[in-house]
Each structure stands twice: as structure tokens, then as C-alpha cells.
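# An overview of the molecular structure
Residue strings, one per chain:
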There are 2 protein chains.
Amino acid sequence: MVQAKKSFDGFFKSAFTVDNVIFGFDDGKLKVLLIKRNEEPFNDFWALPGYFVQQHEDLDAAAQRVLRETTGLENVYLEQVHSFGSPGRHDFGRVITVAYYSLVKVADFELHAASIAEEVAWHDVEEISTLAFDHEEIIRVALNSLKRRIRTQPVGFKLLPPAFTLTDLQHLYEAVWEVDLEKRNFRKKILSMNLLRDLGRSQTGVAHRPARLYSFEENRYRELEEEGFNFELKEGKRK
Amino acid sequence: MVQAKKSFDGFFKSAFTVDNVIFGFDDGKLKVLLIKRNEEPFNDFWALPGYFVQQHEDLDAAAQRVLRETTGLENVYLEQVHSFGSPGRHDFGRVITVAYYSLVKVADFELHAASIAEEVAWHDVEEISTLAFDHEEIIRVALNSLKRRIRTQPVGFKLLPPAFTLTDLQHLYEAVWEVDLEKRNFRKKILSMNLLRDLGRSQTGVAHRPARLYSFEENRYRELEEEGFNFELKEGKRK
DNA sequence: CAACATTATTGTCCAGACAACACTATCTTT
DNA sequence: AAAGATAGTGTTGTCTGGACAATAATGTTG
């Protein structure tokens, strides 16, 4: 077997990285977490939090580690989206990157720039300028995936704080899909799914009628799913 | 930059491969194209048609090339599904594989085993035995992707010959989803989409009333899609 | 404290989509 | 010509989605 391996040596000259597209929702806008690199190539450019995978490290584990080391985020559920491997995408040689994405509540995390990051910050998805490598493309692909996914999986709740209003939820969908949704129909649909717990509390200190607060019942969803329930929302018409 | 590169040399010791999951539909059953390997590791095992990517080759192009070299299939539309990279998945070192999948018409292609394949054949998805590497898992992931995809994209037609009957189409959906569908409702739904051209011909030589033949109008679909049409079928209940 | 500004909350009606359901038609085989 | 096999078709009831506007609760302002 060691002899057999000999002739394959030419293939073992590549590297791979993981890159994380972390979406958050704040101030009515969809955000993505970026780091400012302090390492070549693309020194001083904004980039996705990503880095090389270690020789004996699992891909998923590497994504978690790199995210933690560059931004301080821990225990984030990451899902693989796509791999990118154009021959010229990295100056140092052939590097394939496996992209992951996630949804988090912005308020839940304190950001700590470290490792190759000299700065970490949330950026409006709408206003992303020139990024390192092919990271703009990676974000585009991840965003498409997100748009499809929130239609049929109740993942949107991961972007909201534990107690949220129905209007918050609606704004989230409107931001991701770039559509306007009809208030009454949206509420009817969401409430009919029985996935929300009415917390019996309301907003306070707002200069208008305070809205009721709800939380997402993860367990209830799991039960219903077992019984064949399918979460599904429609996008309606474009803005 | 060359100096900078130095310290990264340790990362450039990996290889990557592409593996293709090619689905076909024949005899009322969903099939997948496998090769019998004539190379270590896993010599003589059935495996997905895949191989190492060249140093300066694009991933998508590599998938096409490898598929052609091992099975003779050409001009197949391949779509990336997922990457697999457990540290122990390949005996020769760290190897990540990028999996692609496709749907083809079984009758359209003549199979030619070559390169590392000593045999090529269609296998029932239901009856796959022990495969090389983690290829069983790859097929599982690709199959899940297919199930979701045929619901909202008219890709199922790629598995059928140019002229097919509505019953063929229904059987295809039933096979992929493992459900029973109601004949009248299925036909109504499909025909109402205006995506099929009635060829005016019928089956011949069958021992029963011959069925009308249809073809899929790709162009019509593109038009409708522009206008905001969404292809969508429901899965109904499990068998 | 009264008027105002602001957002929350709620129900009806209509149209289109979907699910359930059974009989007749056409061809080959015997 | 009878039997066997699959193709083809229509109605009805129920559910879901979409359009649509008036009233309620709070903080702010004058």
C-alpha cells in the first residue's frame, strides 16, 4: 500500500480552508459577520472568518474552531453550503474552501477579534464592498441557500432573541426575501402552526401600543414534525 | 509574498477528489451509476465514478472529465451537493471529496468502463451493498437532495426519455419519494402547468390501452419562470 | 389632560388549490 | 369474443391564501 501511494504523491499538494458565513438580524436588517484580516494575502481586507483546516481535523470541527478563534463565537450550529475551488482563487497555491453558514442572534455574542482578525464586525448584507478572495460570491451562494431554507424550516427563529414580537418575525422574513408581506395573513399563518408560545408579556417603553411577546417552541416543532407536519411559508410578491 | 508562503507549506499536503452520483430511472426504479474499481484502495469494490482533481483544474470541469474517463458519459449537467472530508476516509492521506450529482436518461448513454473502472453498471438505489470509501453516505446525501429538488424544479424530466407517458412520470415521483400518488390529481396538476407537449402519438405494442406520449417543453418552462411561475408538487402521504 | 402620533390587533369574503373518489375506453392475448 | 391490463376522465367538498380597514393601547406633545 505504501508503494501504491508513491505514484499519488503529485496529488497531495493542495490545502483546504473553511469559511463561515454567519448571518444575524439587527435593526431590521440582515447582517453578516466579517473580520478584517491582518495577514497576507488580502491583508487589511474584510473577509469571511475562515482559515486552513488542520491535517487531522474534521471539516465541521475546523469550521467551529476557526470561527471561535477569529471571532469568539462558540457553540454555533454550522451547516455546510458549498465548496469553492477555482484554480486561481488563492495566491499561495491550490486552495479549496468549504463554506459553512449559520444564523445567530446578534445580541447573544460578544465579538472578540483574534488570530488573523484585527477587527470583527457585523455588516449589512446589502452594503458589502470588496472582500478578500471570492468571499462575495460565497456570501451570495449562502444567502440564496438561506432564502430557500427559511421557507421550509423554522430556522428564522435563530436570528431573533428568545422573546420577540410577530412584527419582528415578519420583518425578518421581509428582510431576507426582500418582499412585503401582508400583516394579517402572515400572523394568521404563523399562529396557526402552533409553534409559538404566548409569553403573556408585552413590550415596554415603546411609544405606541406595546406588542405581545412570543417565544419559539422548539420541542413542539419536533413533535409536530414527527407527526408529518411541514413548516412552510410563501414568499408572495417581490417588493 | 513568497516568504509569507513559506510558513504555510505545512497546509499544502492534502488532495481532493470529485465523486459523481448519477441517478437514472429505469424499469420503474431509481438507479445509480457505479464503477467497479481496479485500483487500490478498495480494489474490486463498487464505487462512485470519481478521481483526483488535477492541480490546475476547476472542480466542475474535473467532475465532468472524471465522469467521462471512467464511464464514457459526456455532456452531463452536474451539480455540486456536498463535500466530505473525515480525516480517516482515505488510506493514502488527507483527501477531501467534492460530491456532484446528476440525473440522466438511462437509454441515452452507452457505458464504457475505462481508467480506474473495470466495469460500469446501473444499480438499484434500494439495493446497494458495501461500497468503497464513504460512498454509501454520499449517495444518501445526494438522494435527499434529489427528493427535495424534484419537488420544486422540473428536473425529473431529465430522468425520462424524450417521449414519456404521464404514468411514467408519476412512477418516477413515486419511486424517488417512496409514496403513492393519486392518478387523477397528479395528472391534473402536471397538465395544468402547461409544461408538456402532447406529441399526438401513443405507445405501441402494449397489451392494454396505449398511453399518450408527451415531451417536456424546456423553453416553455423558462418563459413561465421569467413570469414568476413556480414549479411545485406535493409529496402527499408516505407509502 | 386632551389631542396626536404610532404601531398592534383582529375577521370576513372570495377564489383557487387540493383530496377523495369510480367508471368507461382501448388495446393485446387467448 | 371474453378476459386481462392499463389509460383516461369530472365532480364535489374542504382547505388555504389573498385582499382588505377599523379599533385598541401606549407614549408624546401642546
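On a predicted model such as this, the values are computed, not experimentally measured, just so you know. (Residues numbered from 1 in each chain as written. Chains lettered and ligands numbered in written order. Predicted model: local features only at pLDDT ≥ 70, side-chain atom pairs only at ≥ 80, totals over all residues. Heavy atoms only, no water.)

### With respect to the overall build of chain A
In terms of regular secondary structure, chain A is built from six helices and nine strands. Reported as C-alpha extents along the three principal axes, the dimensions of chain A are approximately 70 × 40 × 30 Å. Counted over contacts in chain A with a minimum sequence separation of 6, partners at least 24 positions apart contribute 67%. Carbon and sulfur atoms form 45% of the exposed surface of chain A, whose accessible area is close to 12000 Å². (Helix = DSSP H or I, 4+ residues; strand = E, 2+ residues; numbered from the N terminus. Contact = heavy atoms within 4.5 Å. Areas by Shrake-Rupley, 256 points an atom, 1.4 Å probe, with all protein chains shown as cover.)

### Some details on the pattern of salt bridges
Within this structure, the stated rule accounts for 28 salt bridges over all chains. One salt bridge in this structure joins Glu-57 of chain B and Arg-65 of chain B, with 2.5 Å as the shortest N-O distance. Assigned by exposure class, Glu-57 of chain B and Arg-65 of chain B land together as buried. Between Arg-65 of chain B and Glu-69 of chain B there is a salt bridge, with its nearest N and O atoms 3.2 Å apart. Here Arg-65 of chain B pairs with Glu-69 of chain B, and both are found in helix α2 (residues 59–71), just four residues apart, close to one helical turn. Each of Lys-29, Lys-31 and Asp-124 of chain A takes part in a single network of salt bridges with overlapping partners. (Salt bridge = Lys/Arg side-chain N within 4 Å of Asp/Glu carboxyl O. Buried < 20%, exposed > 50% of the residue type's maximum accessible area, 1.4 Å probe, protein only.)

### Concerning the packing of aromatic side chains
Residue and element names in this part refer to chain B. What the rule picks out here adds up to 32 aromatic pairs over all chains. Judged by centre distance (6.4 Å) and plane angle (35°), the ring pair of Phe-8 and Phe-11 falls under tilted. Given a relative accessible area of 6%, Phe-8 falls into the buried group. (Phe/Tyr/Trp six-rings, centres within 6.5 Å; stacked < 30°, edge-to-face > 60°.)

### Comments concerning the packing of helix α4 (residues 166–177) of chain B against helix α5 (residues 183–192) of chain B
Residues and elements named next belong to chain B. Axis separation between α4 and α5 bottoms out at 11 Å; the angle between their running directions is 105°. Comparing their axes, α5 and α4 come out roughly perpendicular. Touching Leu-166, Thr-167, Leu-169, Gln-170 and Tyr-173 of α4 are Lys-183, Phe-186, Arg-187, Ile-190 and Leu-191, all from α5. Residue composition of the contact of α4 with α5, by class: six nonpolar, two polar and two charged. (Axes fitted to C-alpha atoms, helices over the stretch in contact; angles between N-to-C directions. Parallel < 35°, antiparallel > 145°, perpendicular 65-115°, else oblique. Nonpolar A, V, L, I, M, F, W, Y, C, P; charged D, E, K, R; others polar.)

### Observations concerning the interface of chain B and chain A
Between chain B and chain A, the residue contacts involve 39 residues of the former and 39 residues of the latter. In total, about 3600 Å² of surface goes out of reach between chain B and chain A, with carbon and sulfur atoms giving 62% of it. When the area that chain B buries against chain A is broken down by residue, the three leading residues are Phe-11, Phe-12 and Phe-92 of chain B, summing to 21%. Summed over the shared surface of chain B and chain A, the number is zero salt bridges. Along the contact surface separating chain B from chain A lie 14 residue pairs in polar contact (both at pLDDT 80 or more). Elements represented by at least two residues in the side of chain B that touches chain A include exactly α1 (2–6), β1 (15–26), β4 (50–52), β5 (79–84), β6 (95–103) and α3 (135–152) of chain B. Of all the elements, β5 of chain B adds the most residues to the side of chain B that touches chain A, at four residues. In terms of residue class, the side of chain B that touches chain A is built from 17 nonpolar, 12 polar and 10 charged. (Buried area = accessible area lost by both parts, 1.4 Å probe. Polar contact = N/O pair within 3.5 Å; in protein donor to acceptor, adjacent residues only side chain to side chain.)

### Digging into the relation of the copies chain B and chain A
Under the fitted operation, chain B is carried onto chain A by 0.0 Å of movement along the axis and a turn of 180°, and the coordinates agree to an RMSD of 0.1 Å. What we have between these two chains is a two-fold relation. Most of the interface of chain B is mirrored in chain A, where 100% of its interface residues are also at the interface. (Least-squares fit on C-alpha atoms with pLDDT ≥ 70 in both.)

### What about the domain arrangement of chain A?
Residue and element names in this part refer to chain A. Parsing chain A into structural domains produces domain 1 (15–151) and domain 2 (160–226). Between the C-alpha centres of domain 1 and domain 2 the distance comes to 28 Å. Counting residues at the interface gives nine residues for domain 1, matched by 11 residues for domain 2. With both chains or domains summed, domain 1 and domain 2 bury close to 890 Å², and 70% of this area falls on carbon and sulfur atoms. When the buried surface of domain 1 facing domain 2 is broken down by residue, Phe-25, Lys-147 and Ile-150 rank first, second and third, together holding 56% of it. The interface formed by domain 1 and domain 2 contains one salt bridge. When the shortest N-O distance is used, the salt bridge between Lys-147 and Glu-178 registers 3.2 Å. For the pair domain 1 and domain 2, the interface holds four residue pairs in polar contact (both at pLDDT 80 or more). Counting residues per element, the side of domain 1 that touches domain 2 draws most heavily on helix α3 (residues 135–152), at four residues. Each residue belonging to the side of domain 1 that touches domain 2 can be placed in one class, and the counts come to four nonpolar, one polar and four charged. (Domains from an automatic or database assignment.)

### Focus: unusual backbone geometry
Residue and element names in this part refer to chain A. A cis geometry characterises the amide bond from Glu-40 onward to Pro-41, with omega recorded as -5°. One can find Pro-41 in the loop between β2 (29–37) and β3 (46–47). Positioned with a positive phi, Phe-42 is a non-glycine residue whose angle comes to about 60°. Mapping Phe-42 onto the fold places it in the loop between β2 and β3. Given the relative accessible area of 26%, Phe-42 is considered partly exposed.

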